[in-house]
Amino acid sequence: MPLAVALLLLGGLSGGWGCLQCDLSVQETLRQLRLRLIPSRFGREHLRARAQALLLGMEGPFFRDYAANVFVGEIETDHLDLVAIFAKNQINKLRVDSLRDGPLLEELVTLRRKVTKKLKTVLRSYELKACDRKICHMLKEEVLDCVHCLKTRPTCIKKNNCFVDRQPRMALRYDSASGHPRTQAQLGIIVSVCLAVFVFGVIVASAVTYRHNRKLLLQ
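Conventions and cut-offs
- Residues numbered from 1 in each chain as written.
- Predicted model: local features only at pLDDT ≥ 70, side-chain atom pairs only at ≥ 80, totals over all residues.
- Heavy atoms only, no water.
- Helix = DSSP H or I, 4+ residues; strand = E, 2+ residues; numbered from the N terminus.
- Expected span 1.5 Å × (residues − 1).
- Buried < 20%, exposed > 50% of the residue type's maximum accessible area, 1.4 Å probe, protein only.
- Arc of directions from axis to C-beta.
- Contact = heavy atoms within 4.5 Å.
- Disulfide = S-S within 2.5 Å.

Visitor: Would you take a moment to explain helix H5 (residues 77-95) for this structure?
Guide: One full turn of an α-helix is made of 3.6 residues, so residues set three or four places apart face in the same direction. Over its 19 residues, H5 runs 27 Å from end to end, which matches the ideal 27 Å to within 8%, given 1.5 Å per residue. Inspection of H5 places Thr77, Leu80, Val83, Ala84, Ala87, Gln90, Ile91 and Leu94 among the buried residues, and these make up the whole buried set. End-on, the buried residues of H5 take up no more than an arc of 135 degrees, which puts them together on one face. In this structure, H5 carries Asp78, Leu82 and Lys93 as exposed residues pointing more than 90 degrees from its buried face.

Encoded structure:
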């Protein structure tokens, strides 16, 4: 049995046992798309290189990093199956398309955006449940760890990791439980208002000085 067929069968039997980078059927569909498009549909070297990098990223860590860095990196199994089916349908549409070079690269970017948006919906759906203290302890659905591609039990998420991009530059949150960020926000508003008043004063003073000097010149 050819390796490609074996991978597809294994992916179908597994029912999508990890996030998109772990789902063998999605990976094989992406690989077939890359092998079909890159050699024959891109005549320009720089476009071919960009398309190659984009597709290899989708086959590799792109979706895993998105799930783990923007969300908590866990997803309900049943919901992921729907995302995998959507992704494969979108990929197969491109396989039979006749676009080339720039327009084709744009469609590949659109493909990644559509799949990411679909994945975002189900990642956020789980995060909403796991962050809600009223219902998180009652969660029973099977959950997938997107980083290690392992099935796990749902758990309540720490409050500090809820509904934020966990990268340090995005970690600032303005909520009632955090006084320091709110103080920073108020300080920023005060500084902005003071600067605006100062600039206005400089403009008025300059206008007055200009008029005074003009009168002196006319005398």
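Visitor: Whenever I open this one, helix H2 (residues 24-41) confuses me. Can you help?
Guide: Taking 1.5 Å per residue as the helical rise, H2 with its 18 residues ought to reach 26 Å, and the 25 Å between its terminal C-alpha atoms agrees with that figure. All of the buried residues in H2 are Ser25, Val26, Gln27, Glu28, Thr29, Leu30, Leu33, Arg34, Leu37, Ile38 and Arg41.

Visitor: Sorry, what's going on with the environment of Leu33 here?
Guide: Positionally, Leu33 belongs in helix H2. Owing to a relative accessible area of 0%, Leu33 belongs among the buried residues under this scheme. Each C-alpha atom, one on Leu33 and one on Leu55, is 8.4 Å from the other, the two residues being 22 residues apart in sequence. In this structure Leu33 touches Leu55, Ile91, Leu94, Arg95, Leu108 and Leu111, once residues within four positions along its chain are discounted.

Visitor: Looking at this structure, how should I read the state of the cysteines?
Guide: Following the criterion strictly, the structure yields two disulfides and no others. There is a disulfide in this structure between Cys19 and Cys146, and the S-S distance comes to 1.8 Å. Within this pair, whereas Cys19 is found in the loop between helix H1 (3-14) and H2, its partner Cys146 is found in the loop between strand S2 (143-145) and strand S3 (150-152), the two being separated by 127 residues in sequence. Neither residue differs from the other here; Cys19 and Cys146 are each classed as buried. One disulfide in the model links Cys22 with Cys149; its S-S distance is 1.5 Å. Highlighted residues: Cys22 in the loop between H1 and H2 and Cys149 in the loop between S2 and S3, separated in sequence by 127 residues. Residue Cys149 is classed as buried on the basis of its relative accessible area of 16%.

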